[in-house]
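Coordinate inspection notes
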Amino acid sequence: MTDARFEDGVGANGADTPLLLAAQDDEGLSILSSLLQDAVFGITEMQYTKTRRRFAVLVNRFRWEDRAQAQLDKRGVERVQSLLVFHDVLAVQTAGIDRNDADTVLSLMQIAFAPGPDGTGQARLILSGDGSVALTLEALDVQLRDVTRPYLAPSGRVPDHGA
């Protein structure tokens, strides 16, 4: 398994192209999780559509795959808006966050998966500050799609967790 690279997002003509990735197993989900570490989003950007069995969240993703290239080019690091969509969602539960506070901004640290019987399982979006979103899944089927052009990260810094 290799990390995503800037070149993976470059089209045949050398133009920067958006990521479009899918995961249907734990290994694929761990790749998406690493690309989504430190993504930030407003609490109002989460949507569960029970009839379609779909959970979606629009995030501002730090472009980890471009960090080294940005340093080489001596330019600022970037973020991009991305849509994370889980299919075959049976239930959604939140913990440690106030869903009624529309001004809440959440930061995604990791996506974990606990498999269940016959391909079922639970995906957990682990948020900074001990919050989480748990998704009960009939099957693991996740998609990550960049939906905007990259933009300079407002902070101008690489996220740091103070090792």
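In what follows, the accompanying structure is described. Every value quoted in this text rests on a predicted model; they were computed, and no experiment measured them. (Residues numbered from 1 in each chain as written. Predicted model: local features only at pLDDT ≥ 70, side-chain atom pairs only at ≥ 80, totals over all residues. Heavy atoms only, no water.)

1. Considerations on the nonpolar core
The test is simple: We call a set of buried residues a nonpolar core when its members are Ala, Val, Leu, Ile, Met, Phe, Trp, Tyr or Cys and they connect through side-chain atoms within 4.5 Å of each other. Note on exposure labels: buried denotes an accessible area under 20% of the residue type's maximum, exposed denotes more than 50%, and partly exposed covers the range between, all computed with a 1.4 Å probe on protein chains only. Where helices and strands are cited, they refer to DSSP runs of H or I of at least four residues and of E of at least two residues respectively, numbered from the N terminus. Contacts: residue pairs with any heavy atoms within 4.5 Å of one another.
If you look at the biggest cluster of nonpolar residues, it comprises 30 residues, and the most contacted ones within it are Met46, Phe55, Phe86, Leu125 and Leu135. Among the secondary structure elements, those contributing two or more residues to this core are α1 (26-36), β2 (39-42), β4 (54-62), β5 (78-87), β7 (105-115), β8 (121-127), β9 (132-137) and β10 (142-146). What Met46 contacts, discounting residues up to four positions off in sequence, is Phe41, Phe55, Ala56, Val57, Ile97, Leu106 and Val133.

2. Concerning the packing of aromatic side chains
By convention here, two paired aromatic rings are described through the distance between centres and the angle between planes. Rules: Note on aromatic contacts: the rings of Phe and Tyr and the six-membered ring of Trp form a pair at centre separations within 6.5 Å, being stacked when their planes are under 30 degrees apart, edge-to-face when over 60 apart, and tilted otherwise.
In total, this model carries two aromatic pairs according to the counting rule given. Ring centres of Phe55 and Phe86 lie 6.5 Å apart, and the angle between their planes is 55 degrees; this geometry places the pair in the tilted category. Highlighted residues: Phe55 in strand β4 and Phe86 in strand β5, separated in sequence by 31 residues. Classification of Phe55 as buried rests on a relative accessible area of 2%. Relative to Trp64, the ring of Phe62 lies with its centre 4.6 Å away and its plane at 65 degrees, an arrangement referred to as edge-to-face.

3. Section: α1
Let me state the cut-off plainly: The arc in question is formed by the directions pointing from the helix axis toward the C-beta atoms. Polar contact is defined as a pair of N or O atoms within 3.5 Å, subject to the rule that within protein one atom must be able to donate a hydrogen and the other to accept it, and that residues adjacent in sequence are counted only when both atoms are side-chain atoms.
Taken together, the buried positions of α1 are Gly28, Leu29, Leu32, Ser33, Leu35 and Leu36. Projected down its long axis, α1 carries its buried residues within an arc of 165 degrees, all on one side. Looking at the buried residues of α1, the elements they touch are β1 (20-23), β2, β4, β5, β7 and β10. Where α1 begins, one side-chain oxygen reaches toward the backbone nitrogen of Glu27, 3.3 Å away; that side chain belongs to Asp25. Two residues or fewer after α1 comes Asp38, characterised by a positive phi angle close to 75 degrees.

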